[in-house]
Amino acid sequence: MEDKEILEKFQNPDSRNLAFNQLVRKYQQKVYWHVRKMVIDHDDADDLTQEVFVKVWSHLESFRKDSQLYTWIYRIATNECLNFLSAKKKRFFLPLHDVAAELAEKLDSSDHFTGEEVQLKLQKALLRLPEKQRLVFNMKYFDDLKYEEISEILGTSVGALKASYHIAVKKIEEFLKNN
């Protein structure tokens, strides 16, 4: 079902639940993996994905359609991730590198994350990036979003995103070469 149809059906109280179920089916997996790449832990990603769709449900009526629906949903998911990671740092009074170390430890012990050694090294390299660079890299490399789409989601200029991506790639290459 196209986004336009989903939004039209959502406006009708009789088909609202059906429309929302269609939306969740269409975007749940993409949102989950977007969130999972940021928070690493399956349970945290699962909880945050549910939070994202709760927010989508409660704000979908006011969606202005000035961006694509998935861009709007990704923005909500991205903000949820950043808020979660920020709260985690504050809650445990951890500097950024300690949060990255904790996430790397979860990555090593996770039953839900399987991959060959190169993939595991890539994930560890990503954890060393600042959150915004990691977001940009994930959206560009894994989600295959265009810079214009990422710009809409993050509210950052295309030029700044290209620079962030380039810097992230260099840092990842350096990490992979040295580890």
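Cut-offs used in this document
- Residues numbered from 1 in each chain as written.
- Predicted model: local features only at pLDDT ≥ 70, side-chain atom pairs only at ≥ 80, totals over all residues.
- Heavy atoms only, no water.
- UniProt positions renumbered as here; feature names shortened; annotations may be inferred.
- Core = buried A, V, L, I, M, F, W, Y, C linked by side-chain atoms within 4.5 Å.
- Buried < 20%, exposed > 50% of the residue type's maximum accessible area, 1.4 Å probe, protein only.
- Helix = DSSP H or I, 4+ residues; strand = E, 2+ residues; numbered from the N terminus.
- Domains from an automatic or database assignment.
- Contact = heavy atoms within 4.5 Å.
- Axes fitted to C-alpha atoms, helices over the stretch in contact; angles between N-to-C directions.
- Parallel < 35°, antiparallel > 145°, perpendicular 65-115°, else oblique.
- Left-handed = near helix turned anticlockwise from the far one by under 90°.
- Phe/Tyr/Trp six-rings, centres within 6.5 Å; stacked < 30°, edge-to-face > 60°.

An unreviewed UniProt entry lists the chain under the name RNA polymerase sigma factor, from Rufibacter roseus. Of the chain, the UniProt comment under Sequence similarities (unreviewed entry) reads exactly: "Belongs to the sigma-70 factor family. ECF subfamily."

A. Quick look at the nonpolar core. If you look at the biggest cluster of nonpolar residues, it comprises 49 residues, and the most contacted ones within it are Leu23, Val56, Leu60, Leu69 and Ile73. Those elements that provide at least two residues to this core are α1 (3-11), α2 (16-39), α3 (42-59), α4 (69-92), α6 (117-127), α7 (131-142), α8 (147-154) and α9 (158-178). Sort the elements by how many residues they give to this core and α4 lands first, with 11 residues. Inspection of this core shows a minimum of three residues originating in each of domain 1 (1-95) and domain 2 (115-179). Sequence-distant contacts of Leu69, defined by excluding residues within four places in its chain, comprise Asp3, Leu7, Leu23, Tyr27, Leu60 and Phe63.

B. Quick peek at the packing of α1 against α2. For the pair α1 and α2, the least separation of the axes is 7 Å and the interaxial angle reads 150 degrees. Accordingly, the angle class assigned to the pair α1 and α2 is roughly antiparallel. Considering the relative orientation of α1 and α2, their crossing is left-handed. Listed contacts from α2 to Asp3, Ile6, Lys9, Phe10 and Gln11 of α1 are Arg16, Leu18, Ala19, Phe20, Gln22, Leu23, Lys26 and Tyr27.

C. Representation of the packing of aromatic side chains. Taken as a whole, this structure holds 10 aromatic pairs when the rule is applied. Taking the centre distance of 5.0 Å and the plane angle of 45 degrees together, the rings of Phe63 and Trp72 count as tilted. There is no split in this pair, since Phe63 and Trp72 are both buried. A centroid spacing of 5.5 Å and a plane angle of 15 degrees characterise the contact between Phe137 and Tyr165, whose relative ring orientation is stacked. With Phe137 in helix α7 and Tyr165 in helix α9, the pair connects residues that are 28 residues apart, well separated along the chain. Here Phe137 and Tyr165 have matching classes, each one buried.

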